[in-house]
Structures are given as C-alpha cells and as structure tokens.
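Chain by chain, the residues:
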Amino acid sequence: MSNSNGSGGVHTDPAALRELSELATAEQAEVGPDGAVAGYRAERTLRLGVELKRQFKRRRTQLVLGFVALLPFILVVAFEVGQSNPNRRSGGFVDLATASAPNFVVLALFVSGTFLLPMIVALFFGDTIASESSWSSLKYLLAIPVPRHRLLRQKAIVSGLLSAAALVLLPLVSLLVGVIWYGAGDAISPTGDAVTFGDSMIALVLSTVYIIIQLAWVAGLALLLSVSTDAPLGAVGGTVLVAILSQILDQITALEGLRNYLPTHYSFAWIDLISTDVDWSNMASGALSSLIYTTVFLLLAGRRFATRDITS
C-alpha cells in the first residue's frame with residue numbers, strides 16, 4: 001500500500017515512515033561525563049601511523065628526502081670535476097673534504113647547515129597545518145571530531161619525525177659515499193688535529209643530534225606561522241627569512257654580545273666535536289638557546305590554534 005504526494009511523484013509508505021520515526025526517537029545517543037558520545041575515544045583519532053603514511057605519500061616529502069639522498073653524490077661529482085687532493089692534511093673544511101669519509105660528512109653538514117637544513121625543517125612544520133587550511137580540509141578533521149590539541153600534537157610529531165629522518169639521512173648517505181670514494185680514514189680538523197675513524201663516528205652522531213636540537217627553534221617558529229595563516233608558502237618562507245635574517249645579524253660584529261641571543265649564533269657549534277680537545281660550552285649554550293626559543297614558539301602556537309576561528 002502506498003501514497004503519492006501528487007506533485008513530485010514520490011511514493012511513501014506511511015507504516016514505514018512511522019516505524020523509522022519510532023526507531024529514531026527510541027535511539028538516543030548516550031553521552032559520557034565529558035559530553036562526548038559513548039564509544040568515542042579521542043586517542044583513536046588521527047593516529048600517528050595513518051598520518052605518517054599519508055605524509056610519506058606526498059610528493060613534497062618524497063622530493064625532499066630524495067634530494068637529501070642525492071646531495072652527497074652531487075658533491076662528489078663537483079670534486080671529481082674540479083681539482084681536489086685526497087691526501088690534503090691542511091686547509092678549511094672544503095679543502096679537507098676529500099681527505100676521508102668523516103671529512104666528507106662534515107663538509108656535507110657544513111654546506112647545508114646555512115640554508116638547506118633550516119629550509120627542510122621549515123617546510124615540514126610550516127606546511128603541516130597551513131596546507132590543511134589551504135585545502136579546506138582542516139575543518140573536516142576537527143569535525144570528525146579530532147580535538148585541536150591532539151591534531152596539533154600529532155601533526156607536530158609527524159613533522160618532527162620527517163625532519164629528523166632527513167637530518168639523519170644526509171650524514172648516513174654522505175658517510176657511505178665518502179667511504180666508497182675517499183676511504184675510512186681519520187678526520188682531519190682545520191687546526192690539524194687528527195681524530196680516529198671510530199672517534200669521528202661518535203663525533204658525527206653527536207653532531208647530528210646537536211643539529212636536530214639546534215634546529216628545533218625553526219620547527220617551533222614554522223609551526224606558529226603554520227597555525228596563523230592559510231598559506232603554506234607564507235609559513236615556510238617566513239620561517240626561512242627569519243633564519244636568514246638571524247644569520248645576517250650574526251655577522252655584524254658591532255652587535256657584540258647581543259649576537260649570543262640570536263637563534264642561529266650557535267648553529268655550527270658542533271664543529272668543535274671534530275677535535276682532540278672538545279669544547280662543550282658553545283654546544284651547551286646553543287642547545288639551551290634553541291630549547292628556550294622552541295618552548296616559547298610552541299606555547300604560542302598551541303594558544304593560537306586553540307583560539308583560532310577555523311573556517312577552512
């Protein structure tokens with residue numbers, strides 16, 4: 001038995017409609033003490049594995065990691081095309097790059113530390129929230145619902161893992177390439193100190209850890225800009241510009257002691273590790289400075305994202 005509304009030609013069954021109405025009335029969603037629907041678990045939303053897999057599939061991530069892995073080969077080609085002396089025992093980091101595999105790793109970290117490494121960290125952190133806003137998908141993530149603090153935390157953790165992967169990949173590939181081309185010899189410092197291959201490996205591991213810690217301020221600033229704009233390029237570019245400005249100011253000797261407060265002042269303090277007599281003071285100051293900047297930027301980012309009116 002069916003009726004027609006006579007205008008739109010839509011046929012309905014009154015009995016079925018009554019049954020559906022009764023079921024809808026009877027099914028009341030249970031609400032927990034925190035106001036959430038029964039069965040909802042915030043920790044099940046936006047899991048790290050899912051987000052990490054999603055980010056690895058992005059062309060941006062693949063290109064960045066691919067270029068980092070390719071850079072040591074580009075440096076080798078540059079030295080092969082040019083004139084280098086593998087037996088050189090004096091000079092600067094560029095002159096000593098072909099002396100041994102550890103020296104080649106030091107060069108790779110040294111030449112990329114000014115611009116490339118900060119840009120990689122800025123890219124992963126600056127793009128993470130701003131890109132969701134530009135794609136108009138951020139509001140849907142929050143509507144799942146994913147709590148704002150969890151979304152920001154998960155995004156930041158994944159960005160940190162990708163950044164760390166890139167920062168570790170560069171010295172690893174450089175070491176492999178250096179051993180093949182230049183051999184596993186002693187690391188020679190510009191001061192003439194010779195560090196054994198085993199000790200140089202420890203120094204390079206500590207150097208990589210220090211670089212990750214020192215670039216944490218870049219991550220914090222990029223995340224702050226990422227939650228403040230819908231333009232990923234603006235967040236990434238703004239962070240890189242601040243890093244470049246800090247490096248320029250650090251070259252102005254007239255600032256004297258004020259340069260110690262710049263976030264990039266201790267960027268290359270890890271070089272002290274390539275020595276027989278290691279001075280830990282600069283690295284300690286650099287790590288402390290970076291952690292302070294990072295904490296401030298992350299707190300500001302969390303506050304900004306928690307109060308932001310998200311419409312995209």
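Just above, that's the structure.
Residues numbered from 1 in each chain as written. Predicted model: local features only at pLDDT ≥ 70, side-chain atom pairs only at ≥ 80, totals over all residues. Heavy atoms only, no water.

Engineer: Would you mind showing me how to read the packing of aromatic side chains here?
Structural biologist: Both the distance between ring centres and the angle between the ring planes are used here to describe each pair of aromatic rings. Per the counting criterion, the structure on display carries four aromatic pairs. Geometrically, the ring pair formed by F110 and F268 is tilted, given 5.4 Å between the ring centres and 55° between the ring planes. Pair noted here: F110 is in helix α4 (residues 101-112) and F268 is in the loop between α10 (232-250) and α11 (281-307), with a separation of 158 residues, a long-range link. Relative accessible area serves as the criterion here: at 29%, F110 is assigned to the partly exposed category. Aromatic rings pair up to connect F93, F110 and F268 into one cluster. Sitting above the plane of the F305 ring, R148 keeps its charged end 5.9 Å from the centroid. (Phe/Tyr/Trp six-rings, centres within 6.5 Å; stacked < 30°, edge-to-face > 60°. Helix = DSSP H or I, 4+ residues; strand = E, 2+ residues; numbered from the N terminus. Buried < 20%, exposed > 50% of the residue type's maximum accessible area, 1.4 Å probe, protein only. Lys NZ or Arg CZ within 6 Å of the ring centre and 35° of its normal.)

Engineer: I would appreciate a short explanation of the nonpolar core in the present structure.
Structural biologist: Counting residues in each nonpolar core, the largest one holds 71 residues, and the members touching the most others are I120, L151 and F305. Looking at which element gives the most residues to this core, the answer is helix α7 (residues 148-182), with twelve residues. Setting aside residues no more than four positions away along its own chain, L151 makes contact with L46, I129, L138, L141, L142, V146 and F305. (Core = buried A, V, L, I, M, F, W, Y, C linked by side-chain atoms within 4.5 Å. Contact = heavy atoms within 4.5 Å.)

Engineer: What should I look at first to understand the packing of helix α5 (residues 116-134) against α10 in this one?
Structural biologist: Any two packed helices are characterised by how steeply their axes cross, that is the angle between the axes, and by the distance between the axes. Remark: α5 packs on α10, axes separated minimally by 7 Å, with the N-to-C direction vectors making an angle of 155°. In this view, α5 runs roughly antiparallel relative to α10, as classed from their interaxial angle. Crossing of α5 over α10 shows right-handed handedness. Seen from α5, the contacting residues are M119, A122, L123, G126, D127, A130, S131 and S134; seen from α10, they are P232, A235, V236, T239 and V240. (Axes fitted to C-alpha atoms, helices over the stretch in contact; angles between N-to-C directions. Parallel < 35°, antiparallel > 145°, perpendicular 65-115°, else oblique. Left-handed = near helix turned anticlockwise from the far one by under 90°.)

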